[in-house]
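Examining the three-dimensional arrangement
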Amino acid sequence: MILGALKNLLAAFCCSAALAGCTVGPNFVQPDSHLPEVSFTGDGKAPASHVPAPTDPTWWNVFRDPILTSLEQRVAAANLDVKTATLRLAESRFQRGVAAAAQFPSIDGSAKYTREQYSNNGIASLLTGLLGPSAAGTKIGPIDEYNTGFDASWELDLWGRVRRQVESADAQVDQAADQRRDALVSSLAELARDYLQLRGVQTQITIANDNLKVDRDILQLAQDRQQRGLQNGLDVENAAAQVESIRAQIPQLQQQESEAINALSLLLDQPPGALRAELGVRTVRIGPPHVPLGVPSELARRRPDIRAAEDSLHAATATIGVAIGDFYPKVQLNGTVGFDSLTIKHLYDANSLQYMVGPSVTLPIFEGGRLRSTLELREAQQQEAAITYRKTVLQAWHDVVNALVAHRLEQNRRARLQAQADHSRAARELARARYKDGVSDFLNVLDTERSVLQAEQQYAASTTNVALDLVQLFKALGGGWETTFPDVPSETAAFPVPVNPLTVAIEAAPQPH
């Protein structure tokens, strides 16, 4: 261990003598994402003149819904998850400042005053004895001492250990920024999903009310036929049961509507129900059947989670250099300058000046394997970060392809369900007419009515799923974070704790005695 340390010391002095900027440890190289330069739907390389257009960062505009667009434009400034990520980015920048401070000298000022009384029966009696018989029995009074000055120290970063620490901190800042982008992408997608689910539930409520109106007409028809003696009360009871069955569905749908409105309110830092008047009632807009996708290789720059995984790999690579730097001697320049006097009036005289300056070298000789284990730990963490990066890239590719397939197949399913709903409505009208003419029994009317209700509900659910699959596709592509963020605060005071209006109302309410 001693020979190895001396070898490191020799190499260090040789490096310093050559005036070369030494930075130990591996240099970070941007990893290859291995994503192809082809379209997501094609098999060959796209010609330069036919490169697929990239996805619009403001992808929510494809739904042509001004309310959705207005909500999405408020996410970056209002969402609490984004605000939390913004503060974490600020925290990482402060931590980077702490790491960078090690590159500069450290200077501390000090001032001290002491008053000390020595024991006349202790060592002070020996001192008076040395002065001769004339000083025997003399008491030594209190001694005042005044001291002021400065201490300075500076570690010479000969091997780049501190520079690697700063490099790692820079990468962590980039990682926090990309995690902030990822928080925005997730919030944008979550808001769009909640909004479209709200519109889907409202469509279901409209379908239930429309079918309820039709079933009431059928019930009235059955009651008219019973009054004319054309049938017994069985048809009336069956029709009434169908009416109540549809009525029973509406409260559950209204509950889902309220939950969706509250979910949107939470995403925008609003109390429950605050957006109800603004949201109103609208139908689902599914967007275009095809949207620009770009090429898979763009995912490495568009997906914030891929960027964050790359930043984590960069930080892990830099920490290897920090661990290697601990094997080398630490060279530090130390200095002290000050004034020392027994009286304050002579404190700043030239004769009161005292100073010390000189270098110090600390050489690790025996650490019980701590340095070697730390280095092996950092290397293992770098390998883990590399695997995480590869998995993140591969998962992103899978996410896009899965969302693309789901969107395409759900559109095909929606077309079939639309045809089914059209046929079911036509069958219901025929059964109703035949029943009114007394040609068919009432069970055919009930069966066709149930078929219409089920077909329309399935069609509405499929319409919502088409829109949701499109949102999932946009989220998988990673766009949306390019929009303007609120400024990162330089102080945490830039983010005061918000006042919840519900809390204010509760505190203002009379308290029970």
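Reading the values: the criteria
Residues numbered from 1 in each chain as written. Predicted model: local features only at pLDDT ≥ 70, side-chain atom pairs only at ≥ 80, totals over all residues. Heavy atoms only, no water. Helix = DSSP H or I, 4+ residues; strand = E, 2+ residues; numbered from the N terminus. Buried < 20%, exposed > 50% of the residue type's maximum accessible area, 1.4 Å probe, protein only. Contact = heavy atoms within 4.5 Å. Areas by Shrake-Rupley, 256 points an atom, 1.4 Å probe, with all protein chains shown as cover. Axes fitted to C-alpha atoms, helices over the stretch in contact; angles between N-to-C directions. Parallel < 35°, antiparallel > 145°, perpendicular 65-115°, else oblique. Left-handed = near helix turned anticlockwise from the far one by under 90°. Nonpolar A, V, L, I, M, F, W, Y, C, P; charged D, E, K, R; others polar. Core = buried A, V, L, I, M, F, W, Y, C linked by side-chain atoms within 4.5 Å. Salt bridge = Lys/Arg side-chain N within 4 Å of Asp/Glu carboxyl O. Pairing = 2+ DSSP bridges. pLDDT = per-residue confidence, 0-100. Expected span 1.5 Å × (residues − 1). Patch = residues over 30% accessible without salt bridge, like charges linked within 9 Å, V, L, I, M, F, W, Y side chains within 5 Å. 1 Å grid on protein atoms, 1.4 Å probe; cavity = no way out; pocket = protein on both sides within 12 Å on 5 of 7 lines; lining within 4 Å. Points joined across faces, edges and corners; volume = space filled by probe spheres on them. Phe/Tyr/Trp six-rings, centres within 6.5 Å; stacked < 30°, edge-to-face > 60°.

Remarks on the overall build of the protein
- Along the protein, the regular secondary structure elements total 13 helices and 4 strands.
- Each of the 513 residues in the protein was classed as buried or not, and the buried ones make up 39%.
- Considering only residue pairs separated by 6 or more positions, the protein has 86% of its internal contacts joining residues 24 or more positions apart.
- Surface accessibility of the protein: about 28,600 Å² in total, with carbon and sulfur atoms responsible for 56%.

Thoughts on unusual backbone geometry
- Phi angles above zero are rare outside glycine, and R64 is one such case at about 50 degrees.
- Structurally, R64 can be placed in the loop between α1 (2–17) and α2 (66–72).
- Here R64 falls in the exposed class, since its relative accessible area comes to 54%.
- Even without a glycine there, the phi angle at D269 is positive, about 60 degrees.
- Counting through the fold element by element, D269 comes out in the loop between α7 (234–267) and α8 (276–279).
- Owing to a relative accessible area of 30%, D269 belongs among the partly exposed residues under this scheme.

Digging into the packing of helix α10 (residues 304–325) against helix α11 (residues 370–436)
- Between α10 and α11, the least distance of the axes is 9 Å, while the angle of their chain directions is 165 degrees. Overall, the two elements α10 and α11 adopt an arrangement that is roughly antiparallel. Crossing of α10 against α11: the hand is left-handed. Facing D305, I306, A309, E310, S312, L313, A316, T317, T319, I320, A323 and I324 of α10, the residues of α11 in contact are T374, L375, R378, E379, Q381, Q382, A385, A386, Y389, T392, V393 and A396.
- In terms of residue class, the contact of α10 with α11 is made up of 13 nonpolar, 7 polar and 4 charged.

Some remarks on the nonpolar core
- With 50 residues, the main nonpolar core has L279 and L473 as its most contacted residues.
- Counting only elements with at least two residues in this core, the list comes to α2, α3 (75–78), α6 (161–227), α7, α9 (299–302), α10, α11 and α12 (442–477).
- Looking at this core element by element, the count peaks at 9 residues for α6.

Digging into the pattern of salt bridges
- Overall, the coordinates contain 22 salt bridges when judged by the stated rule.
- The shortest N-O distance in the salt bridge between E278 and R74 comes to 2.7 Å. Linking E278 in helix α8 with R74 in the loop between α2 and α3, this pair joins segments that are 204 residues apart in sequence.
- Of the residues examined, E278 reaches a relative accessible area of 35% and is grouped as partly exposed.
- With its nearest N and O atoms 2.8 Å apart, the salt bridge here joins E155 to R161.

Some thoughts on the pairing of strand β3 (residues 330–341)
- Of the pairings in the sheet, the one linking strand β2 (residues 143–156) to β3 comprises 11 bridges and is antiparallel in character. By the bridge assignment for β3, A152 is matched with G335.

Things to note about the confidence of the model for the protein
- Residues at a pLDDT of 70 or more form 84% of the protein, whose mean pLDDT is 83.
- At the low end of the mean pLDDT range in the protein sits helix α13 (residues 501–508), at 34; at the high end sits α10, at 95.
- In the model, residues 1–20 has pLDDT below 50 throughout and makes 19 contacts with residues more than four positions away in sequence or in other chains.
- Scored below 50 in pLDDT, residues 46–50 makes 4 contacts in the model with residues more than four places away or belonging to other chains.

So, the side chain of S187
- Within the secondary structure, S187 is located in helix α6.
- Residue classification places S187 among the buried positions, given a relative accessible area of 4%.

Observations regarding the sheet that holds strand β4 (residues 353–362)
- Pairing is antiparallel in the open sheet, where 4 strands are placed in the order β1-β2-β3-β4. A single partner strand is all that each edge strand has here, and the edge strands are β1 (106–116) and β4. Taken over all neighbouring pairs, the strand axes of this sheet differ in orientation by 20 degrees on average, direction set aside.
- Looking at chain direction, β3 and β4 are connected through 10 bridges and run antiparallel. By the bridge assignment, N334 is partnered in β4 with G358.

Quick look at α12
- The first and last C-alpha atoms of α12 sit 53 Å apart over 36 residues, in line with the 52 Å expected at 1.5 Å per residue.
- G478 sits one or two residues past α12 and shows a positive phi near 85 degrees.

Examining the environment of Q472
- Relative to the helices and strands, Q472 resides in helix α12.
- Here the alpha-carbon distance between Q472 and N402, two residues 70 residues apart in the chain, equals 9.4 Å.
- Other than its neighbours up to four places away in sequence, Q472 contacts R193 and A403.

Observations concerning a nonpolar patch on the surface
- Judged by side-chain polarity, I107, F150, V337, L353, Y355 and V357 come together as a nonpolar surface patch covering roughly 670 Å² of accessible area.
- For the nonpolar patch, the element with the highest residue contribution is β4, accounting for 3 residues.
- Looking at the secondary structure, you find F150 in strand β2.

Side note on empty space enclosed by the protein
- Under the definition given, this model contains 1 cavity of 30 Å³ or more.
- Within the lining of the largest cavity, the residues separate by chemical class into 5 nonpolar, 1 polar and 4 charged.

Structural notes on the packing of aromatic side chains
- Considering all chains together, one arrives at 6 aromatic pairs under this definition.
- In textbook terms, an aromatic cluster arises when at least three aromatic residues are bridged by ring pairs, as seen for W59, W60 and F474.

Structural notes on the environment of Q175
- Of note, Q175 is situated in helix α6.
- When neighbours within four sequence positions are excluded, Q175 is seen to be in contact with A308, D311 and S312.

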